[in-house]
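An overview of the molecular structure
One-letter residues, chain by chain:
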Amino acid sequence: MSYLTPPFLTAIAFVNLFSPRAGLVNRFFRDALGMPRSRSTFSRCGVDPRHGAPHFPFVYLLAASALESIDASMEESAQIRGAGRWRTALAVTGPLVAPASSPERSSPS
């Protein structure tokens, strides 16, 4: 859905939800939960998530299909040999998924 809506519509929605004084989310945090005013959504910390959000569906689809296609026996053997979850993810799963999720790498001929 994020690629079907024009970017200016998502920007307007983002401002309506997260603007510092009138945003619905910030008003809820301020009024209902008694929290102080949040950071400005027009700063770098507020704009970066807004620019990155439309890319999540593509990253998810690439990662999900890559994770489904790898052989689970390699991860199981790493865990049998004593590797923890993080070590298995970084040393085994990451390198297996990396070629599928990076489009700039060329396939061997």
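Use the structure listed above.
Just so we're clear, the structure is a prediction, and the values are computed from it rather than from any experiment.

**Section: a nonpolar patch on the surface**
Together, Phe-28, Phe-29, Leu-33 and Met-35 give the surface a local cluster of nonpolar side chains, amounting to about 380 Å² of exposed area. Looking at where Phe-29 falls in the secondary structure, it is placed in helix H2 (residues 24-31). Judged by its relative accessible area of 33%, Phe-29 falls in the partly exposed class.

**Side note on the packing of helix H1 (residues 7-18) against H2**
The description of two helices packed together rests on the angle between their axes and the distance between the axes. H2 packs onto H1 with a crossing angle of 10° between their chain directions and a minimal axis gap of 4 Å. In terms of axis orientation, H1 runs roughly parallel to H2. For the pair formed by H1 and H2, the contact residues are Asn-16, Leu-17 and Phe-18 on the first element and Leu-24, Val-25 and Asn-26 on the second. Of the residues belonging to the contact of H1 with H2, the class tally is four nonpolar, two polar and no charged.

**Digging into the environment of Pro-99**
With respect to the element layout, Pro-99 can be found in helix H6 (residues 85-101). Through-space distance from the C-alpha of Pro-99 to that of Ala-66 is 8.9 Å; in sequence the pair is 33 residues apart.

Rules used in this analysis
- Residues numbered from 1 in each chain as written.
- Predicted model: local features only at pLDDT ≥ 70, side-chain atom pairs only at ≥ 80, totals over all residues.
- Heavy atoms only, no water.
- Patch = residues over 30% accessible without salt bridge, like charges linked within 9 Å, V, L, I, M, F, W, Y side chains within 5 Å.
- Areas by Shrake-Rupley, 256 points an atom, 1.4 Å probe, with all protein chains shown as cover.
- Salt bridge = Lys/Arg side-chain N within 4 Å of Asp/Glu carboxyl O.
- Helix = DSSP H or I, 4+ residues; strand = E, 2+ residues; numbered from the N terminus.
- Buried < 20%, exposed > 50% of the residue type's maximum accessible area, 1.4 Å probe, protein only.
- Axes fitted to C-alpha atoms, helices over the stretch in contact; angles between N-to-C directions.
- Parallel < 35°, antiparallel > 145°, perpendicular 65-115°, else oblique.
- Contact = heavy atoms within 4.5 Å.
- Nonpolar A, V, L, I, M, F, W, Y, C, P; charged D, E, K, R; others polar.

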